[in-house]
Structure formats: C-alpha cells, structure tokens
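Chain residues, written in single-letter form:
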Amino acid sequence: MQLTASRSDTARGALPAAVLMGASLLSLVGATWDIQWHEDVGPDTFFTVPHLLLYAGAAIAGLVSLAVVLSTTAAQRAGRPIDPAVGGRPVRIFGGIFTAPVGYVVSGTGAALFLLYGLWDLWWHSLYGFDAVIDSPPHIGLLLSDMITSIGLVIVLAAGRANRWLAWGTLAAVAMLFTSSTITVLGLGQLPGPVRWTNAGTAFLAVLLLSLAWGFLGRKGVLGAAGIVLALQLAFWWFAPWAARAYADAVGLSVRDYLDGVPVTPALVPFCLVPVAALMAALSRVPVLAGGIAGVVIVVCAPLQVMWLYDAPGPDPTRLIATCVAGALLGLLGGYLGARFGAMLRLTSGVRDA
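This text gives an overview of the structure that appears in the document. Along every chain, residues carry numbers that run from 1 in the direction the sequence is written. Only residues with pLDDT of at least 70 are given local features in this predicted model, and only at 80 or more are side-chain atom pairs given and counted; all residues enter the totals for whole chains, interfaces and linings. Hydrogens and water are ignored here; the side-chain numbers use all heavy atoms of the structure.

A closer look at the overall build of the protein chain
- Secondary structure elements follow DSSP: runs of H or I of four or more residues count as helices, runs of E of two or more count as strands, with numbering from the N terminus. When helices and strands are counted, the protein chain shows 11 helices and two strands.
- Reading the helices (α) and strands (β) of the protein chain from amino to carboxyl end gives α-α-β-β-α-α-α-α-α-α-α-α-α.
- Note on method: radius of gyration uses C-alpha positions; expected globular size equals 2.2 Å times residues raised to 0.38. Computed over C-alpha atoms, the radius of gyration of the protein chain comes to 21 Å, within 12% of the 20 Å expected from 2.2 N^0.38 for 354 residues, which places it in the range of a compact globule.
- Each principal axis of the C-alpha distribution contributes one length, and for the protein chain these read about 65 × 50 × 35 Å.

As for the pattern of salt bridges
- When a carboxyl oxygen of Asp or Glu is within 4 Å of a side-chain nitrogen of Lys or Arg, the pair counts as a salt bridge. Summed over the entire model, instances satisfying the criterion amount to one salt bridge.
- Residue D40 pairs with R245 through a salt bridge whose shortest N-O separation is 2.8 Å. Separated by 205 residues along the polypeptide, D40 in helix α1 (residues 7-40) and R245 in helix α7 (residues 219-251) bring together distant segments of the chain.
- Exposure classes here rest on a 1.4 Å probe applied to the protein chains alone. A residue is buried below 20% of its type maximum, exposed above 50%, and partly exposed in between. We classify D40 as buried; its relative accessible area is 3%.
- Residue classification places R245 among the partly exposed positions, given a relative accessible area of 30%.

Focus: the nonpolar core
- Put simply, buried Ala, Val, Leu, Ile, Met, Phe, Trp, Tyr and Cys residues joined by side-chain atoms within 4.5 Å make one nonpolar core. F178, L210 and M280 are the most contacted members of the largest nonpolar core, which totals 64 residues.
- Judged by nonpolar contacts, the second largest core, of six residues, contains A31, Y55, A58 and L142.

It is worth stressing that arrangement in space is one thing and function is another; only the former is reported here.
And the structure:
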C-alpha cells in the first residue's frame, strides 16, 4: 500500500474532518440541551428537537466516515497513493474488502452503534411513551457510542496536525470529548463503597485527556485544551437553560417550579480545570506525578463546587479521604496513559517528527 503526504490531499482531507467535527459539536449541543430538558421540564418523547440534533449529528458523522472509507478503498484499488494525514494510517477491514483511515473507522463505528442504540431508544419510547430520566439503558449506550465517535474525531484531526487548523482542532475535539464524557461518568454513581466514584472518574478523565493534549502538543496543548473546555462550559451555561425554557414555551409546556437555576452539564465540568492544567504544564517533565497531584486537586475541589452551586452540606471526611486516594491512584494512571496516548496521536499520520 503506497503512502504519501501530499499537500493537496491533506487540504482535501480538511473538509471531511471539518464536517465530522461539526457533527460531533451538533451531538454535544443536542445532548446538553436534552439533559437540561430532563432537569427543567421532565419527561420527553422521542421526536424532540434535542433528540433530532443528537441523531442528526450521529448520522452526519456516519455518512462522512462512510464517504471517506469508500473513497480510500477506491484509491487503494486504483493504485493511487493514500495520504495517511487524512484520518490516519489506512487499515483493512472486513477481511480486506475495504481500506479505511483508522480515525474514520473509529468514528464510523461509533456513529453506527449510536444509530443502533437509537432504534432501541425508539422502541423504549414506544413501549413506555416517554423518558423520565437520562440514565435509561438505551441512553447509556448512546452516550458510550458518542464517546467512540469523539475518539475517532480526535484521531482524524491529529493525523493532519501538519495543518495548524487541524492541530488546534484536535485540542477542541479533546475538549468536546471531556465535556460529553462528564455526563457518562454519572453512571459510576451506582458503584458501592466509600469512594465517590463520579468525582474520581471525572478526575481520571480530566487527567487522561489533559495529559493526552500535553503528549500531543506540549504545554500549549494542555493549556489550550483546558481553555477550550472553559469556553464550552461558559457557552453551555447560558445556552442550556435558555434552550430548555424556549423550547418548553414553544411546545406549550411549563418548567418545574423548584428549579435551582444551575445548568446540568456545565456544572459537571470541574471549575478548577484551568488551574489544574497550569499545574500539569508546570510539572510536564513528570506527567505521572502531575496526574496524581491533579487527581487529588480535582476530587478535593468537587465537593466545594457542589457546596457553592447547590448550597449543599460539606463532604463526609471518610468519603473525601477515600475519594482522594482513588483520585490520586486514578490520576497517576491517567497521567501515564494520557502522555503515551498523546505520543501515539503524533504517529497517526505515519510521519515522525524531525
């Protein structure tokens, strides 16, 4: 298989990458809106605008991934060179029937799973009439599938890092992946024991993805990713409650009368993420140690954030200590894995740095 890094091919590869990124952002907007709807209004049916945004994002991601897979397969069969900067190094799938960039294989798989879980969600709605909670079984599958698509987006953008737009787009994709993953982490709240696993899980993901950004683009990578997360958090802080109330007014429903006024998804993102990123950048020579310290900082700040937002009581000391231990261990693991994943991202195009 002939691989080459053509500047014109890389430029053409920016278009499907941009479409895939737009699709992922569309899904993130839909998910944030839908979760706020459940909090502010309550049960919903399948065919709501937030749901349609979610499924439109998955459909677009699936179609653009399929288009790249088919075009790459056609190029390989015609003996034309394949640029690994377009979505990553090509791999053969389905017994060699298709040849596809690895990033688009991952994003397409996530999109396909999302739509399959969407059929389950449609059946769930037809059986029960509506969803009253966000953590229904089909929703968990949808959230995990969306994470797979987002991981594919990170790989796709990282492969074209020679293009400055795609390099910084990678950090934006990492930020979107973390923002959406905080929703999935809520499922850890069902685990038993003294550890508050939602906080420990959030710390692990934050350290993992910030370390990945550092391994990919150095200190400016970790600070850039945290800054983009903050920008998303601020945007959704305004958008989520506004969209839920505007849509409720449009369809003639009323919001609940006991709302606390706190947007759900933005409140799940640690407020201390930018200082944590600065700490990790300062300790970038020892990413594993930086990850352990960052994990502790995040789990210590988490109950303070809840106390401030919801006027909640202080944390139980035993649970806090247990969660700090878990956060430190998971932070060490996240720092180790993230730095190596970031280095792997630099090799997705098959071109080593000079």
